[in-house]
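Next come the chains, spelled out residue by residue.
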Amino acid sequence: YCRITLYVANIVVSGMNLARPGLTFDVYSTGSGTPLLTRVGTGPMSERSSLTWQRVDLSFVAATSSVNLVMRSNVASGSGGVDFVLDDIQSR
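Residues numbered from 1 in each chain as written. Predicted model: local features only at pLDDT ≥ 70, side-chain atom pairs only at ≥ 80, totals over all residues. Heavy atoms only, no water.

Engineer: Quick question: what am I supposed to make of the overall build of the protein here?
Structural biologist: Scanning the protein from N- to C-terminus turns up 0 helices and 6 strands. Helices and strands in the protein line up, N terminus first, as β-β-β-β-β-β. Seen through its principal axes, the protein has C-alpha atoms that stretch 45 × 25 × 15 Å. The 92 residues of the protein split such that 25% are buried. In the protein, the share of contacts with a sequence separation of at least 24, taken over all contacts with a separation of at least 6, comes to 72%. For the protein, the exposed area adds up to about 5500 Å²; of that, 50% sits on carbon and sulfur atoms. (Helix = DSSP H or I, 4+ residues; strand = E, 2+ residues; numbered from the N terminus. Buried < 20%, exposed > 50% of the residue type's maximum accessible area, 1.4 Å probe, protein only. Contact = heavy atoms within 4.5 Å. Areas by Shrake-Rupley, 256 points an atom, 1.4 Å probe, with all protein chains shown as cover.)

So, in structure tokens, the structure goes:
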């Protein structure tokens, strides 16, 4: 049983009305066929007057000793609002 935990936050200040970033985290096996082990999304992260952290937990069972963690944003490049931070990334 494995777990990856991290914290994310939208760094856009309230009132700027930019696109709200939403992140999707996928964990893939590095074995044959690279199957998806788990997927977790943040949903759209709202603008706030102060930095507000959101915890993301990815729990999975890995058949091999390594996995690939992939992060995607839902906001198209150049549209503004892809402003987020990551912190306290842990793997157990």
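Engineer: What's the story with the sheet that holds strand β6 (residues 84-91) in this structure? I'm lost.
Structural biologist: Strand pairing within a sheet occurs via backbone hydrogen bonds; the two strands may be parallel or antiparallel. The sheet built from 3 strands is open, its strands ordered β4-β1-β6 with antiparallel pairing. Strands at the two margins of the open sheet, each flanked by one partner only, are β4 (54-60) and β6. Averaged over all neighbouring strand pairs, the angle between strand axes comes to 20°, with direction disregarded. In terms of strand pairing, strand β1 (residues 2-10) meets β4 through 7 bridges, oriented antiparallel. If you follow R3 over to β4, its bridge partner there is S59. (Pairing = 2+ DSSP bridges. Axes fitted to C-alpha atoms, helices over the stretch in contact; angles between N-to-C directions.)

Engineer: Would you mind showing me how to read the pattern of salt bridges here?
Structural biologist: With the rule as written, the count across this model stands at 3 salt bridges. Across the salt bridge formed by D26 and R39, the nearest N and O atoms sit 2.7 Å from each other. In this pair, D26 sits in strand β2 (residues 23-29) while R39 sits in strand β3 (residues 36-41), placing the two residues 13 residues apart along the sequence. With a relative accessible area of 47%, R39 lands in the partly exposed category. Of the charged contacts in the structure, one is a salt bridge between D57 and R55, with a shortest N-O distance of 3.0 Å. Relative accessible area serves as the criterion here: at 31%, D57 is assigned to the partly exposed category. A relative accessible area of 43% means that R55 is categorised as partly exposed. Here the salt bridges share partners, and the residues they tie into one network are D26, R39 and R72. (Salt bridge = Lys/Arg side-chain N within 4 Å of Asp/Glu carboxyl O.)

These figures come from the coordinates and say nothing about function on their own.
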